[in-house]
Amino acid sequence: MQIDPQRQRLEELRREINQHNYRYHVMDDPVISDYEYDQLMAELSQIEVEHPEWVTPDSPTRRAGATPADRFTKVRHPGPVLSLGNAFNTAGVRAWYDRIRRLEEDVAQADFVVEPKIDGLTVVLHYRDGLFIQGATRGDGEIGEDITANLRTIRALPLRIPVDPAGPAALPYLVVRGEVFMTIRDFEKLNHRLQEGGQRTYLNPRNTAAGSLRQLDPSLTATRPLTLLTYEIVSAEGDLPATQSEMLDYLRELGFPVVEWSRCEDIDQAIAEAQAWSDRRDQLPYEADGVVIKINDLGLDNDLGVVGKDPRGSIAFKFPAREVTTRLLDIGVNVGRTGVLTPYAILDPVVIGGVVVRQATLHNFDYIAVKDIRRGDRVLVKRAGDVIPYVIGPVEAVRTGEEQIYVPPQLCPTCGEPVEHLAGEVAWYCVNSACPAQLIRNLEHFVSRGAMDIAGLGIKIVEQLVTAGLVKDVADLYTLQKDELLQLEGFAEKKADNILQAIEASKERPLSRLITALGIRGVGEVMAADLARSFQDLSALASASFADLQTLEGIGPNIAQAIVDWFARPANQQVLEKLHAAGVWPRAEKPAAAQGSPQTLSGMTFVITGTLPTWKREDAKEFIEAHGGKLSESVSKKTSYLIFGADPGSKYQKAQSLGVPVIDEEGLRKLAE
Ligand code: IVH
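Owing to the predicted nature of the structure, the values given are computational and were not obtained by experimental measurement. (Residues numbered from 1 in each chain as written. Predicted model: local features only at pLDDT ≥ 70, side-chain atom pairs only at ≥ 80, totals over all residues. Heavy atoms only, no water.)

(A) A look at the overall build of the chain. Counting secondary structure elements, the chain contains 25 helices and 26 strands. Reported as C-alpha extents along the three principal axes, the dimensions of the chain are approximately 90 × 80 × 50 Å. When burial is assessed residue by residue, the chain has 48% of its 673 residues classed as buried. Residue pairs in contact within the chain that sit at least 24 positions apart in sequence constitute 67% of those at least 6 positions apart. Element-wise, carbon and sulfur atoms account for 50% of the exposed surface of the chain, whose accessible area totals about 32000 Å². Taking the 73 positively charged and 95 negatively charged side chains of the chain as two groups, their mean positions are separated by 3 Å. (Helix = DSSP H or I, 4+ residues; strand = E, 2+ residues; numbered from the N terminus. Buried < 20%, exposed > 50% of the residue type's maximum accessible area, 1.4 Å probe, protein only. Contact = heavy atoms within 4.5 Å. Areas by Shrake-Rupley, 256 points an atom, 1.4 Å probe, with all protein chains shown as cover. Lys, Arg positive; Asp, Glu negative; His and termini not counted. Charge placed at Lys NZ, Arg CZ, Asp CG, Glu CD.)

Pasting the structure below:
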């Protein structure tokens with residue numbers, strides 16, 4: 001029988017992509033770029049679109065696409081998904097050891113495995129004939145919720161085992177337990193992104209992971225940086241390794257991401273190891289609330305049995321709590337560059353896990369209201385890993401009646417201008433661009449590399465300029481006089497000259513840089529470049545209506561509104577006038593128009609997929625822009641044409657489904673004539 005070459009290619013792609021997923025998400029050692037990875041995925045999707053009959057649930061393309069569920073269905077676990085007993089110090093561990101040694105004399109010769117106890121969510125993963133068929137939450141230990149579609153979006157989770165066909169065979173049925181979590185870094189990145197966008201931030205990595213995993217819409221889960229580590233086989237058909245350490249090795253060989261672990265010869269070593277973990281707790285990339293000490297011999301572990309829901313053969317050695325109570329002295333408010341007001345707690349200094357904590361985040365004003373946090377309250381504060389300390393809530397039982405309910409400021413605490421609230425966002429904003437707190441951050445942004453790139457103007461000088469009252473808005477930079485600078489501490493002739501020269505040079509920056517520099521909420525470098533292509537200068541952009549802006553690719557209602565609002569504000573209009581008067585008024589370059597190409601593609605947006613016969617992508621971009629058109633990354637209803645070449649990606653199908661006309665390179669040339 002002849003094997004279809006496309007089918008063969010499909011299998012090859014799946015194998016390759018699975019390998020790359022494994023290298024990237026489990027081994028942390030990728031061998032190809034994200035771009036190359038996307039190319040492989042695009043090629044695979046393309047074949048699957050052409051041959052839907054070849055799509056299987058373990059295909060790497062199935063990680064994101066499932067439709068939202070109404071609610072989760074219940075799943076009965078194949079065996080009890082147990083919990084753990086706790087020990088809070090080494091004496092507790094010894095007491096546990098003595099207890100089980102009395103029960104089974106073999107314990108005296110036992111060796112142990114020590115693993116971190118990751119603060120995430122337990123998941124139970126079922127594999128039938130090597131295929132991931134179902135995943136569930138722990139629930140009550142007997143019945144959990146079916147979250148298979150959400151789990152598929154986690155790249156570290158193997159959809160088929162063994163990942164490496166040369167590895168050991170997977171048993172016909174295997175149920176693996178692991179922990180889904182978010183690294184501290186990913187959590188903070190996510191929160192930063194949400195905060196910048198005026199969205200509600202999350203409390204801690206665990207809550208975020210829990211919320212993300214229980215989304216009814218898997219495509220939302222897919223946007224969250226969840227990951228997985230496994231540590232147990234709950235149930236299986238066939239023979240299993242006899243010890244925990246061999247079990248962990250086996251899981252690793254099958255391609256599972258496995259917790260870090262160490263084997264210890266006896267209980268003393270295990271305790272020393274647990275202590276060592278505790279000492280380097282802050283260096284862990286994830287939150288761990290302790291370590292688990294496990295009897296290595298799984299037969300002995302089984303013989304020891306279970307008390308309630310806790311297996312006797314394992315114990316959690318909990319790290320000292322990082323939650324303490326202290327007095328909330330006051331609530332301060334920070335003003336960010338975009339004017340977002342963020343409340344923070346000023347605390348009676350307190351040591352948490354060896355670090356003195358004086359301030360903690362209060363997230364946003366809603367949080368204070370919902371938790372009913374009052375000035376003067378005794379509050380519970382948590383510091384975990386490298387996460388910024390945060391206030392968990394008040395200890396209501398010890399209230400004296402002296403505490404004061406907090407009312408969020410109506411006026412910006414720095415400049416006294418009224419604050420504003422945008423529908424659909426939790427944040428309050430100071431919208432006065434001359435606000436000193438904001439001004440410092442705004443100036444910092446204005447002079448930064450990606451914006452006006454004014455060399456030598458660092459944060460210290462920015463602060464000096466604002467404090468001395470020399471700069472009241474970004475435009476004032478352009479009227480600074482040398483004798484004014486010389487009044488400032490640390491300034492001599494040379495330094496003043498250099499700064500003035502750098503400021504002068506920044507007048508030559510292109511329009512896109514100036515748009516970025518204005519710091520309009522939601523308008524980053526890429527969007528600024530798009531705007532600079534569509535508008536001749538800042539006056540043209542200033543007079544664009546909400547509707548005009550929304551017709552542009554990539555601009556949704558929130559950003560369109562933010563742009564309109566920014567230009568409507570009198571203080572900002574004044575800044576624009578001053579910039580204009582100072583000669584900081586770049587106009588969009590239209591090289592094509594200058595060279596005389598007819599603007600035949602004006603107002604059209606193009607997307608390219610696949611390899612064009614004669615043009616590189618850059619050539620096509622130049623050609624399109626020279627004729628007044630625009631090139632965009634992704635296909636939407638606003639796309640005028642999709643230009644396709646050899647091996648088109650999934651954009652091709654998307655264009656067809658949206659009814660976007662598709663042309664080739666030659667078609668593009670004709671269109672521009
Ligand atoms: S072993 C019979 N190992 O801790 C096995 N649990 O407080 C019992 N956890 O629900 C669990 N890391 O979610 C085990 N390396 C690890 C763990 C771990 C995190 C969680 C797990 C469990 C909870 C018990």
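Still to come is the rest of the account.
(B) Main features of unusual backbone geometry. With an omega of -5°, the peptide bond between Ile161 and Pro162 qualifies as cis. Tracing the chain through its elements places Pro162 in the loop between α4 (148–152) and β7 (173–181). Non-glycine residue Asp129 carries a positive phi angle of around 45°. Relative to the helices and strands, Asp129 is located in the loop between β4 (121–128) and β5 (131–137). On the basis of relative accessible area, Asp129 is assigned to the exposed category, the value being 56%. Positive phi outside glycine occurs at His363, with the angle close to 65°. With respect to the helices and strands, the residue His363 is situated in the loop between β16 (355–361) and α11 (365–371).

(C) Structural detail: the sheet that holds strand β25 (residues 641–644). Pairing within the open sheet is parallel, and its four strands lie in the order β24-β23-β25-β26. Two strands bound the open sheet, and with one partner strand each, they are β24 (630–632) and β26 (662–663). Relative to β25, strand β23 (residues 605–609) runs parallel, the two being bridged by four bridges. When the sheet's bridge partners are listed, Phe606 is paired in β25 with Tyr641. With respect to the sheet, helix α23 (residues 617–626) is in contact with β23, β24 and β25, its orientation differing from that of β24 by roughly 140°. (Pairing = 2+ DSSP bridges. Axes fitted to C-alpha atoms, helices over the stretch in contact; angles between N-to-C directions.)

(D) Region of the structure containing the environment of Gly308. As for its placement among the helices and strands, Gly308 is situated in the loop between β11 (306–307) and β12 (310–311). Residues Gly308 and Glu444 lie 136 residues apart in sequence; the distance between their C-alpha atoms is 59 Å.

(E) Expanded view of the pairing of β23. The element β23 is largely enclosed, with a buried count of five among its five residues. Across the two faces of β23 the burial is the same, with Thr605, Val607 and Thr609 and Phe606 and Ile608 all buried. Both β23 and β24 contribute to a ladder of three bridges, which runs parallel. Looking at the pairing, Phe606 lines up with Leu631 of β24. The parallel pair β23 and β24 is bridged by α23, and the resulting crossover is right-handed. (Right-handed = clockwise from strand over helix to strand, strands pointing away.)

(F) Summary view of the sheet that holds β4. Strand order in the open sheet made by the four strands is β5-β4-β7-β8, with antiparallel pairing throughout. Each edge of the sheet is formed by a strand with only one pairing partner; in this case those strands are β5 and β8 (227–237). Between one strand and the next, the sheet's axes are offset by a mean angle of 25°, whatever the strand orientation. In the sheet, β7 pairs with β8 via nine bridges, with the strands oriented antiparallel. Within the sheet, the bridge partner assigned to Arg177 lies in β8 and is Glu232. Along the sheet face, helix α6 (residues 205–213) touches β4 and β7 and points at about 40° away from the line of β4. Against the sheet, helix α8 (residues 244–254) touches β7 and β8, its axis set at about 110° to β8.

(G) Highlighting the environment of Lys371. By the secondary structure assignment, Lys371 is in helix α11. The class for Lys371 is partly exposed, based on a relative accessible area of 30%. Spatially, the C-alpha atom of Lys371 lies 52 Å from that of Ile47, the residues being 324 residues apart in sequence. Other than its neighbours up to four places away in sequence, Lys371 contacts Ile392, Gly393 and Pro394.

(H) Layout of the packing of helix α12 (residues 436–446) against helix α16 (residues 511–518). One way to put it is that α12 packs onto α16 with a least axis distance of 8 Å and a crossing angle of 160°. The angle between α12 and α16 falls in the class roughly antiparallel. Seen from above, α12 lies across α16 with right-handed handedness. For the pair α12 and α16, the contacting residues are Asn442, His445 and Phe446 in the first and Leu514, Thr516, Ala517 and Leu518 in the second. Of the residues in the contact of α12 with α16, the class split is four nonpolar, three polar and no charged. (Parallel < 35°, antiparallel > 145°, perpendicular 65-115°, else oblique. Left-handed = near helix turned anticlockwise from the far one by under 90°. Nonpolar A, V, L, I, M, F, W, Y, C, P; charged D, E, K, R; others polar.)

(I) Inspection of the nonpolar core at higher detail. Membership of the largest hydrophobic core comes to 65 residues, with the highest contact counts inside it found for Trp96, Phe112, Leu151, Ile154, Leu157, Leu213 and Ile293. Ignoring anything within four residues of it in the chain, the contact list for Leu151 reads Val123, Leu125, Phe132, Gly135, Ala136, Leu157, Val180 and Leu213. (Core = buried A, V, L, I, M, F, W, Y, C linked by side-chain atoms within 4.5 Å.)

(J) Examining α23 more closely. Listed in full, the buried residues belonging to α23 are Ala620, Phe623, Ile624 and Ala626. The buried residues of α23 all sit within an arc of 165° when viewed along its axis, so they share a single face. α23 presents Glu618 and Glu622 as exposed residues on the side facing more than 90 degrees away from its buried surface. (Arc of directions from axis to C-beta.)

(K) View of the pattern of salt bridges. Under the definition given, this model contains 35 salt bridges. The shortest N-O distance in the salt bridge between Arg101 and Asp98 comes to 3.3 Å. Placement of the pair is Arg101 and Asp98 together in helix α3 (residues 90–103), with a separation of three residues, close to one helical turn. Using a relative accessible area of 30% as the deciding quantity, one classes Asp98 as partly exposed. The shortest N-O distance in the salt bridge between Lys578 and Asp476 comes to 2.7 Å. Here Lys578, found in helix α21 (residues 570–581), pairs with Asp476, found in the loop between α13 (459–467) and α14 (482–486); they are 102 residues apart in sequence, far enough to count as distant. (Salt bridge = Lys/Arg side-chain N within 4 Å of Asp/Glu carboxyl O.)

Worth remembering: the numbers are spatial, not functional.
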